[in-house]
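Below, each chain spelled out in residue letters.
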Amino acid sequence: ADTGIISIEERTDQLEGIGCKRKRVEDIRFTQGRGNYVDDVKLPGMLFGDFVRSPFAHARIKHIDKDSALAVPGVVAVITAEDLIPLNLHYMPTLAGDVQAVLAHEKVLFQNQEVAFIVAKDRYAAADGVEALAVEYEELEPLMDAHKAMDANAPVLREDLAGKTEGAHGPRTHHNHIFTWTAGDEAATQEAFDKADVVVKEYLAHPRVHPCPLETCGSVADMNPITGQLTLWGTFQAPHVVRTVASLISNIPEHKIRVIAPDIGGGFGNKVGVYPGYVMSIVGSIVLKKPVKWIEDRMENLSTTAFARDYHIEAELAATKDGKILGMRSHVLADHGAFDACADPSKYPAGMYHICSGSYDIGAAFCSVTGVYTNKAPGGVSYRCSFRVTEAVYTIERIIEVLAIKLGMDAAELRQKNFVQPEQFPYTSAFGWEYDSGDYPTAMKKAMDAVDYDGLRAEQAKMVEDFKAGKSREIMGIGVSFFTEIVGAGPSKNCDILGIGMFDSCEIRVHPTGAAIARLGVKSQGQGHETTFAQILASETGIAADMITIEEGDTDTAPYGLGTYGSRSTPVAGAAAARAGRKIKHKAQLIASHLLEVHHDDLEWDVDGFAVKGAPEKRKSMKELAWAAYNNVPEGMEMGLEAVDYYDPPNFTFPYGAYFCVLKIDVDTGVYKIERFYALDDCGTRINPMIIEGQVHGGLTEAFAVAMGQLIDFDDTGNVIGASLMDFFLPTAVETPHWETDHTEVPSPHHPIGAKGVGESPHVGGVPAFSNAVNDAFRPFGGVQTHMPHTAANIWAYAKSLGMTD
Ligand code: CDP
């Protein structure tokens, strides 16, 4: 109802709630250089720690001469594995059930592995100490090719696991074997393949890349010897989990540890795990009784902290001759590096890879993933995706293109023929996931109309004709990708990390004047949570978003939550925020009923307060109700206006999208130009369309980076190539194409406000769109599969292999 003074519309606008293109409130400090990052933490007497790292990928440590570094002015301590052994800290548990060396003991297993920690008065003295430390090594044969990891004569990498035939995820059959994990129905899938008219099989490599956030990892540990309190600032996507792990490793009681994740300059999965640097800053502070800071440089970040992908996939599809897909199968060889430090829910060593049947109604499916050790850096994190979803979507979206070639069908048409239909939702996939909602045909049609798909195919055909007639040296590719993500980990029935269910939380406290503070268990790394969570709460409570402070990342004040990755913030913490807001509203309704002297059922909510049904002028605004909560509540009711909600979702959410990439290639140089990129996303209810657009731009840029250039490569002796920004492709505004964004909006039926995650969708859907575009350009010339990264050199080499250039 109108209040007589301000209309409903005006009051709704003032809230800046769900659906509003609210400007990002955090940008006020970011754009003025006033962010507060870990490296901005400066404490009195603070020391600086730096690592001595191995020059070899595989070597025995013969001797470390500590005195060589201790002689350097300013160096106060040299810590090696020998010093950590009495504390039982030379190994730490990983999130994947393995252990990882904090400092190498006896052997190094990858280049740049941490060998000693030098603590000095400042960063420069520490660097000098690192230079000075004399370490004697005996080189061993490195194992760099995952395909050879399980050969009978492959070198033994993990001597610490000698004789261990049981791993965290089942039996180990070889000294370099980590696990073999399967999902789906193998026999039913074999049956589908047996009766199919057409079968395709292709090897698809998803090379090793790195999330490469602009801010590298770092921490500052301050162990107070008087109070026994440890304060740890760090680049943590999941600060509460870090506190629990720190307590378990160190035996410091959890209430004596305060973990603070201040502003974070991008995470993309790189800042989920626990790194030796975090542990060593703590050890340094305990030993030296002073705060110790550790900050990585760029090369350390790229070469030692968590990599992503490195999946070697054999994918198969079985179909009828008119293109109905009957079965899908894939076998993955996963290169996990020297330690299994994947960040996945405990039950799923390959994350959500078993979403690889994609957006299609496939009767039978099976996948297996075998993880192996090699002499490479550990990790295996979800680089802007929900636990191996990018790999899964790449698998189905590439192999369906290969099937289209075999059938002589159009790739978009083949997809449409196999889509899960709107009336099939909730749809249970052959792998057992229950897709919550969607309308794929509508999204696909909207996208195809927007790009004028038929027009593009006609243009492509004309270019093929010109090329074949010798009139042009340019070819054109149209990359189609239709993806389904699985985000919002997660239901505790499916997901836990070290036994803690993957719920999330929100606590809101409304002050007497009607302003509020809300704290959440997740942690923004640039996604704009301070802006968008306030919008959810504004719509739910009638308190203007500008009147709500959002705080995350301090374990002393925020409620426990599992952190931000896998686009889980909106599906999980966003739901907790909505429900906490509803609890506030419920209490406010009882107070309104008391003040207005009517039964609470006779009240109705109107934007920012409660009014008597049929008498809208009799109302109490949330501002008035907040005041009353502190002086005039119904008898028997507690004073104050606070609520907390811990939300364990009933299911994941399944955002989806249709992406089209159009590019042209000069076959004689391999130089390409992205002519057009159109992205339609459906993330259910849209909280802030402007932030969604920003998330899509960012995710597409990282998809472009991965598909077209990023690679962490190694030479045969184990030297890491690509560990600086001279070699590792980080696109700037110069290389990045223009993005066209669009949407449909099918809400999630189980989320309190119908929202699904979106931050990672553009990455997941984008990678195959680019790769398909490159491959599609070669289809008319007999091309089937060329691998990422699609650098000009690789594209040119492929054109040459097809005899198109010399
Ligand atoms: O977990 P993470 O924050 O990385 O991902 P997300 O839940 O997809 O959210 C990324 C950003 O997009 C947040 O600021 C969300 O509030 C916003 N978003 C939105 O406005 N509407 C949605 N349906 C989903 C996300």
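Throughout what follows, the structure given in this document is the object of discussion. Just so you know, these numbers come straight off a predicted model, no measurement behind them.

Before going further, it helps to examine the nonpolar core. Ranked by internal contacts, the top residues of the largest apolar core, which has 179 residues, are Tyr353, Trp433 and Phe770. Counting residues per element, this core draws most heavily on helix 10 (residues 389-407), at 11 residues. Each residue touching tryptophan 433, except ones within four places of it in the same chain, is listed here: Tyr348, Met352, His354, Ile355, Tyr427, Thr428, Ile486, Asn494, Phe652 and Phe654. By size, the runner-up hydrophobic cluster in this structure holds 47 residues, among which are Phe533, Ala575, Ala626 and Met637.

Our focus in this paragraph is the sheet that holds strand 6 (residues 107-108). The sheet built from three strands is open, its strands ordered 6-2-8 with antiparallel pairing. The strands lining the two open edges of the sheet, one partner per strand, are strand 6 and strand 8 (134-139). Strand direction decides the pairing type here: strand 2 (residues 59-65) and strand 6, joined by two bridges, are antiparallel. Residue pairing in the sheet places alanine 59 in a bridge with valine 108 of strand 6.

Before going further, it helps to examine the packing of helix 17 (residues 689-708) against helix 18 (residues 761-778). Taken N-terminus to C-terminus, the directions of helix 17 and helix 18 make an angle of 45°; their axes are 8 Å apart at the nearest point. Comparing the axis directions of helix 17 and helix 18 gives the class oblique. Helix 17 and helix 18 meet at a crossing whose hand is right-handed. Across the interface between the two elements, Gln695, Val696, Gly699, Leu700, Glu702, Ala703, Phe704, Val706, Ala707 and Met708 from helix 17 touch Pro762, His763, Gly766, Val767, Phe770, Ser771 and Val774 from helix 18.

Moving on to the pairing of strand 31 (residues 615-621). Within a regular beta strand, the side chains point alternately toward one face of the sheet and then the other, so they alternate between its two faces. Pairing analysis gives four bridges linking strand 30 (residues 609-612) to strand 31, with the strands arranged antiparallel. Residue pairing across strands places phenylalanine 610 opposite lysine 620, the latter belonging to strand 31. Counting the residues between successive antiparallel strands, the hairpin from strand 30 to strand 31 contains two residues, one of them, glycine 614, with a positive phi of roughly 80°.

This part covers the state of the cysteines. One pass over the full model with this rule turns up zero disulfides. Cysteine 385 provides the cysteine sulfur closest to cysteine 495, a residue in no disulfide bond, and the two sulfurs are 14 Å apart. We note that cysteine 661 lacks a disulfide partner, and the nearest cysteine sulfur, in cysteine 385, lies 20 Å from it. Under the relative-accessibility criterion, cysteine 661 is labelled buried at 0%.

Quick look at helix 13 (residues 453-468) now. Compared with the 22 Å implied by 1.5 Å per residue over 16 residues, the 23 Å span of helix 13 between its first and last C-alpha is a close match. Three or more residues of helix 13 are buried, namely Tyr453, Leu456, Arg457, Gln460, Met463, Val464, Asp466 and Phe467. Looking at the buried side of helix 13, the elements it contacts are helix 11 (411-418), helix 12 (440-451), strand 23 (474-484), strand 33 (656-666) and helix 18. Two residues or fewer after helix 13 comes glycine 470, characterised by a positive phi angle close to 75°.

To continue, consider the sheet that holds strand 1 (residues 47-53). Read from one edge to the other, the open sheet built from seven strands follows the order 3-7-1-16-13-14-15, with strand pairing classed as mixed. At either end of the open sheet lies a strand with only one pairing partner, and these are strand 3 (75-80) and strand 15 (257-260). Across the sheet, the axes of successive neighbouring strands diverge by a mean angle of 20°, strand direction being ignored. Along the sheet, helix 5 (residues 123-132) contacts strand 1, strand 3, strand 7 (114-120) and strand 16 (292-295); its crossing angle with strand 1, the most-contacted strand, is approximately 25°. Contacting strand 14 (229-234) and strand 15, helix 7 (residues 239-250) runs over the sheet at an angle of about 145° to strand 15.

Time to look at the site of the ligand. Surveying the vicinity of the ligand reveals 23 residues, the closest of which are Gln527, Ser569, Thr570, Thr685 and Val758. Glutamine 527 places a main-chain nitrogen or oxygen 2.7 Å from an oxygen atom of the ligand. Between an oxygen atom of the ligand and a side-chain N or O atom of histidine 529, the distance comes to 2.7 Å. Protein burial of the ligand: of its 520 Å² of free accessible surface, 98% is covered by the chains. For the shell around the ligand, the per-class residue count stands at seven nonpolar, 13 polar and three charged.

Here glutamate 215 is to be found in the loop between strand 12 (198-209) and strand 13 (218-224). With relative accessibility at 16%, the residue glutamate 215 sits in the buried group. With near-sequence residues (within four places) excluded, glutamate 215 lies in contact with Tyr37, Val38, Thr235, Asp263, Ile264, Gly265, Gly266 and Lys271.

Our next topic: unusual backbone geometry. The omega torsion of the bond from alanine 489 to glycine 490 falls at -15°, within 30 degrees of zero and hence cis. Checked against the element boundaries, glycine 490 lands in the loop between strand 23 and strand 24 (496-497). Within the chain, phenylalanine 268 stands out as a residue other than glycine whose phi angle is a positive 55°. One can find phenylalanine 268 in the loop between strand 15 and helix 8 (276-288). For phenylalanine 268, a relative accessible area of 24% puts it in the partly exposed group. Even without glycine at this site, arginine 309 takes up a positive phi of about 70°. Residue placement: arginine 309 occurs in strand 17 (residues 307-319).

As a further point, take the packing of helix 10 against helix 11. Across the interface, helix 10 lies against helix 11 with an axial gap of 9 Å and an inter-helix angle of 110°. Between helix 10 and helix 11, the interaxial angle falls into the category roughly perpendicular. In this structure, helix 10 contributes Glu397, Ile400, Glu401, Leu403, Ala404 and Leu407 to the contact, and helix 11 contributes Ala411, Leu414 and Arg415. Partitioning the contact of helix 10 with helix 11 into residue classes produces six nonpolar, no polar and three charged.

A separate point is empty space enclosed by the protein. Applying the stated rule across the entire model yields seven cavities of 30 Å³ or more. Reported here for the largest cavity is a volume of approximately 180 Å³. Forming the walls of the largest cavity are 18 residues, and the residues nearest its centre are Leu95, Gln100, Gly273, Val274 and Ala341. Sorting the residues of the lining of the largest cavity by element identifies strand 4 (91-93) and strand 20 (379-381) as the ones contributing at least two each.

Let us now look at the packing of aromatic side chains. Under the definition given, this model contains 33 aromatic pairs. Relative to tyrosine 565, the ring of phenylalanine 387 has its centre 6.0 Å away and its plane inclined at 70°; by these criteria the two rings are edge-to-face. Highlighted residues: phenylalanine 387 in the loop between strand 20 and helix 10 and tyrosine 565 in the loop between strand 28 (548-552) and helix 15 (569-596), separated in sequence by 178 residues. Accessibility classification places phenylalanine 387 together with tyrosine 565 in one group, the buried group. Members of the aromatic cluster, connected to one another through ring pairs, are Phe483, Tyr659, Phe677, Phe704, Phe729, Trp739 and Phe770.

A turn of α-helix holds 3.6 residues, and therefore any two residues three or four places apart point the same way. In this model, helix 7 (12 residues) spans 16 Å end to end at C-alpha, consistent with the 16 Å of a helix rising 1.5 Å per residue. Where burial is concerned, most of helix 7 is hidden: 10 out of the 12 residues are buried. Three or more residues of helix 7 are buried, namely Pro239, His240, Val241, Val242, Arg243, Thr244, Val245, Ala246, Ser247 and Ile249. Of the surrounding secondary structure, the elements contacted by the buried residues of helix 7 are strand 4, strand 14, strand 15, strand 24 and strand 25 (500-501). One or two positions beyond helix 7, positive phi appears at asparagine 251, with a value near 65°.

Attention now goes to the environment of alanine 104. Along the chain, alanine 104 falls in the loop between strand 5 (99-101) and strand 6. For the pair formed by alanine 104 and alanine 116, sequence separation is 12 residues and the distance between their alpha carbons is 7.8 Å. Once you skip the residues sitting within four places of it in the chain, alanine 104 turns out to touch Ile61, Ala81, Gln113, Glu114 and Val115.

With 10 bridges joining them, strand 33 and strand 34 (residues 672-682) adopt antiparallel strand pairing. Across the sheet, isoleucine 665 pairs through a bridge with tyrosine 672, a residue of strand 34. Between strand 33 and strand 34, which pair antiparallel one after the other, the connecting turn spans five residues, and glycine 670 there sits at a positive phi close to 80°. By the bridge criterion, four bridges tie strand 34 to strand 37 (residues 740-743) in an arrangement that is parallel.

Calculation rules
- Residues numbered from 1 in each chain as written.
- Predicted model: local features only at pLDDT ≥ 70, side-chain atom pairs only at ≥ 80, totals over all residues.
- Heavy atoms only, no water.
- Core = buried A, V, L, I, M, F, W, Y, C linked by side-chain atoms within 4.5 Å.
- Buried < 20%, exposed > 50% of the residue type's maximum accessible area, 1.4 Å probe, protein only.
- Helix = DSSP H or I, 4+ residues; strand = E, 2+ residues; numbered from the N terminus.
- Contact = heavy atoms within 4.5 Å.
- Pairing = 2+ DSSP bridges.
- Axes fitted to C-alpha atoms, helices over the stretch in contact; angles between N-to-C directions.
- Parallel < 35°, antiparallel > 145°, perpendicular 65-115°, else oblique.
- Left-handed = near helix turned anticlockwise from the far one by under 90°.
- Disulfide = S-S within 2.5 Å.
- Expected span 1.5 Å × (residues − 1).
- Near = heavy atom within 4 Å.
- Polar contact = N/O pair within 3.5 Å; in protein donor to acceptor, adjacent residues only side chain to side chain.
- Areas by Shrake-Rupley, 256 points an atom, 1.4 Å probe, with all protein chains shown as cover.
- Nonpolar A, V, L, I, M, F, W, Y, C, P; charged D, E, K, R; others polar.
- 1 Å grid on protein atoms, 1.4 Å probe; cavity = no way out; pocket = protein on both sides within 12 Å on 5 of 7 lines; lining within 4 Å.
- Points joined across faces, edges and corners; volume = space filled by probe spheres on them.
- Phe/Tyr/Trp six-rings, centres within 6.5 Å; stacked < 30°, edge-to-face > 60°.

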